[in-house]
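Chains, contacts and geometry: an overview
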Amino acid sequence: MIGYVTIGVSDMERAKAFYSDLLADLDARILMDMERIAFFGQSMGKPMLAVCIPYDQQPNHPGNGNMVALNPGSKERVDKLYHKAIELGATCDGEPGQRIPDRFYGAYIRDPDGNKVAFFHFG
């Protein structure tokens, strides 16, 4: 169910070096690096850890830059989960849409406590 978890960092190069070394024994490596965010794992189809500079460019701290990302299996199911979350009291933090052409489709919400959750589909 979980696709990846994101944690906020203040220095991407330091974080990439740290997690590359730390996770090497788990056969994890950087699978995708887009400057502000890098994904570590064994494959794009297995759970991953991402490190990022927070999107809002505010200092990182627990809760800012952290996010749980759920992969429901299709773009249609991303849309369905997003709309259901909104109906259940979540707030929009990014409507469903293609974020990276032909690679990443996603939607973002804040749960009633303010926790950030993403629904995504690769493709």
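An unreviewed UniProt entry lists the chain under the name VOC family protein, with Marinobacter lacisalsi as the source organism.

What follows deals with the pairing of strand β1 (residues 2-8). Here β1 runs beside strand β5 (residues 67-70); their pairing, made up of four bridges, is antiparallel. Following the sheet pairing, Ile2 is matched in β5 by Leu70. Where β1 lies against strand β4 (residues 48-52), five bridges are found, and the strand directions are parallel. Residue Ile7 lies in a different strand from β4, and its bridge partner there is Val51.

The subject of this paragraph is the packing of aromatic side chains. In this structure the tally under the stated criterion is seven aromatic pairs. With centroids separated by 5.0 Å and ring planes inclined at 70°, the aromatic side chains of Phe120 and Phe122 adopt a geometry described as edge-to-face. Taking relative accessible area as the criterion, Phe120 reaches 1% and is therefore assigned buried. Three or more aromatic residues joined by ring pairs form one cluster here, namely Tyr4, Phe39, Phe104, Phe120 and Phe122.

Parameters at a glance
- Residues numbered from 1 in each chain as written.
- Predicted model: local features only at pLDDT ≥ 70, side-chain atom pairs only at ≥ 80, totals over all residues.
- Heavy atoms only, no water.
- Pairing = 2+ DSSP bridges.
- Helix = DSSP H or I, 4+ residues; strand = E, 2+ residues; numbered from the N terminus.
- Phe/Tyr/Trp six-rings, centres within 6.5 Å; stacked < 30°, edge-to-face > 60°.
- Buried < 20%, exposed > 50% of the residue type's maximum accessible area, 1.4 Å probe, protein only.

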